[in-house]
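Observations on chain architecture
So the chains spell out like this:
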Amino acid sequence: MTTNDSPQSVVIVGGGVAGISAARELRRLGYDGDLTIVDAGAAPYDRPPLSKDYLLGTKTMPDIHLAPAKWFADQNVTLVTTTRVERIEPDAGQVLLSDASVLHADAIILATGGTPRPLPVPGGDLPAVHVLRSAEDADRLRAALTPGTRLLVIGAGLIGAETASTALHLGASVTLVDPMSVPLLPAVGPEVAAFLHAQHPERGITTIHGSVTGIAQESQTSPLVATLATGDTIEADLVLAGIGITADTALAEAAGLDIDNGVIVDYSQRTSHPRVFAAGDSSRRRGPDGVLSRRAEHWDAAEGTGRAAAAGVLGREPVTEISSWFWTDRHGIHVEGVGDMSPSGTTVLRGTLGDGPATVFRLDGDRVVGAVSIDDSNAIRAARRMIDGRISVTAEDLSNPEHNLRSLLRSTASKG
Amino acid sequence: MTTGIKIAEVGDVDDGEGIRIDKAATGTEDDIALFSAAGRYYALNDTCTHEKASLADGWVEDGAVECPLHVGKFCLRTGEVLSMPANESTVAHRVEVQGEDIILYPGETPSEETE
């Protein structure tokens, strides 16, 4: 296929948010050719609940399906879950499966996601050291978490903090270790990071600023002993390592595509091979200036790049760029962030942290560049539109909770 | 035809906003989210089909409401689910403006001309 021909067959490798989003968007844009999603295991499901409601047991697998079974039939999407992709042959337009069957593909979308980074210390591979990425991981962790279980969580990022909160609910006794004194600083800025981290000890979690250098276990029935860099030790029944993921780039690499800590793509999610696109956690954008972006690992980025890949496959205009957005739920609060909280600039607080809905905005001059909210998602939706629309605001507009941000946006839009 | 129920008056809902009306007042299976958008009124079951969140608190834009918890989006007119992570549509009810009153017809599918 040349880039101008419309494809008659598309194979999506991976049934996470990026893969399903790409499939939905292909059909929405009117693509009516063959469409196959290959992902061995369960029907496609949503991962964010795995550290929260699914782990807690208040949601089950059908609750977290990304699309009901009927959707696949209605949309004429073939879902292959009984085998995996062994190799892609972009020049031949073929996807080779482990069961020796071959799928024809005018276009291939790689949405292969990532794998939890293993704990790089002695004992990091003991059976009682868990990771959390898949439903199977969550099932294993849930089975091991009984009231009174001593859980050591290594890494206080989103997965670590959410799992610590859920485990506490399940009656576990939780210790949370992170090498940063205040984790999540680049993502949420100092004010919210300090507030969020302080929640853990308030709820009864022991927080330790430090690094685990090794984990030992005398016998399979004896407790784990984790040693810190200071020489102190922590006894635990279970460990959860939440120290990030590595991008699954093996298929792309074997096919000779450009890789650099992710499958390199342009703004239409096209890889270095014209027939192959990549989306989600495993993809990494290279701008027209040649500069590589940071690999985004959030749900929203996976959804957006999935849609962009669909548009790319069909030769449509790239999806409009919108500022990055994420959420996290822990200790009964809902946190959202948008844009960039890392640069310097003016900080504006709306509300009071720890007392009802509150939002911290980061301004560069009269422009919002980032915002993080506690239980105030509409402030983030407004902030996202302010960032993307480059709308000029004043600190007073934002800080007064009596000012309706939606009305502010509307009045600015009508002026503009 | 069901009997209409007065659920609000013109002016109770600002344009681009929603209000929640308790099911005790409407007799519906769920609370009702009443929205005003571009001069029309829309009513949906209030609870997001994805998680326990009130759609009346959601973000209204381009004929859709976005759940305040995640980005599940629903068509204001039909209740159709437009965006993940929600995977199930919600229920839309017909509403009508009669004089100053906003009347809900529970369970009746809204027509194209819904006010």
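The rules we used
- Residues numbered from 1 in each chain as written.
- Chains lettered and ligands numbered in written order.
- Predicted model: local features only at pLDDT ≥ 70, side-chain atom pairs only at ≥ 80, totals over all residues.
- Heavy atoms only, no water.
- 1 Å grid on protein atoms, 1.4 Å probe; cavity = no way out; pocket = protein on both sides within 12 Å on 5 of 7 lines; lining within 4 Å.
- Points joined across faces, edges and corners; volume = space filled by probe spheres on them.
- Helix = DSSP H or I, 4+ residues; strand = E, 2+ residues; numbered from the N terminus.
- Nonpolar A, V, L, I, M, F, W, Y, C, P; charged D, E, K, R; others polar.
- Contact = heavy atoms within 4.5 Å.
- Buried area = accessible area lost by both parts, 1.4 Å probe.
- Salt bridge = Lys/Arg side-chain N within 4 Å of Asp/Glu carboxyl O.
- Buried < 20%, exposed > 50% of the residue type's maximum accessible area, 1.4 Å probe, protein only.
- Pairing = 2+ DSSP bridges.
- UniProt positions renumbered as here; feature names shortened; annotations may be inferred.
- Expected span 1.5 Å × (residues − 1).
- Bend = angle between axes of the 7 residues up to and from the residue.

1. Comments concerning the layout of surface pockets
Of the volumes computed, that of the second largest pocket is approximately 430 Å³. For the second largest pocket, the lining is made up of 22 residues, of which Asp376, Asn378, Ala379 and Arg406 of chain A together with Asp57 of chain B are closest to its centre. Within the residue set of the lining of the second largest pocket, elements represented by two or more residues are helix 10 (377–388) and helix 12 (405–415) of chain A together with strand 2 (17–21) of chain B. Here the element with the most residues in the lining of the second largest pocket is helix 10 of chain A; it accounts for 4 residues. For the lining of the second largest pocket, a count of residues per class yields 8 nonpolar, 7 polar and 7 charged.

2. Side note on the interface of chain B and chain A
At the junction of the two partners, chain B supplies 21 residues and chain A supplies 28 residues. Both faces considered, chain B and chain A share a buried interface measuring about 2000 Å² in area, 47% of it formed by carbon and sulfur atoms. When the area that chain B buries against chain A is broken down by residue, the three leading residues are Trp59, Met84 and Asn87 of chain B, summing to 38%. Taken together, the connections running from chain B to chain A amount to 4 salt bridges. Between Arg381 of chain A and Glu66 of chain B there is a salt bridge, and its shortest N-O distance comes to 3.0 Å. Top contributing element to the side of chain B that touches chain A by residue count: strand 5 (residues 59–61) of chain B, with 3 residues. Looking at the side of chain B that touches chain A residue by residue, the class counts come to 9 nonpolar, 6 polar and 6 charged.

3. Focus: unusual backbone geometry
Residue Met84 of chain B is joined to Pro85 of chain B through a cis peptide bond whose omega torsion reads 5°. Here Pro85 of chain B is to be found in the loop between strand 8 (81–83) and strand 9 (92–98). For Ala100 of chain A, which is not glycine, the phi dihedral falls at a positive 75°. Structurally, the position occupied by Ala100 of chain A is in the loop between strand 5 (94–97) and strand 6 (102–104).

4. A look at the pairing of strand 16 (residues 238–241) of chain A
All names here are of chain A. Burial along strand 16 is two-sided: Leu238 and Leu240 and Val239 and Ala241, pointing in opposite directions, are all buried. For strand 9 (residues 129–130) and strand 16, the ladder comprises 2 bridges, and the chain directions are parallel. Each residue of the ladder has a partner; that of Val129, found in strand 16, is Val239.

5. Focus on the UniProt feature "domain: Rieske" (unreviewed entry) in chain B
Under the present numbering, the feature "domain: Rieske" (unreviewed entry) in UniProt falls on residues 7–104 of chain B. Helix makes up 4% of residues 7–104 of chain B and strand 44%, whereas the separation of the span's terminal C-alpha atoms amounts to 6 Å.

6. As for helix 7 (residues 185–203) of chain A
Residue pairs spaced three or four apart in an α-helix point in one direction, given the helix's 3.6 residues per turn. Residues and elements named next belong to chain A. Across its 19 residues, helix 7 extends only 21 Å between first and last C-alpha, which sits more than 12% below the 27 Å expected from 1.5 Å per residue. Helix geometry: helix 7 is bent most strongly at Glu191, by close to 85°. Of the positions making up helix 7, those classed as buried are Val188, Gly189, Val192, Ala193, Phe195, Leu196, His197, Gln199 and His200.

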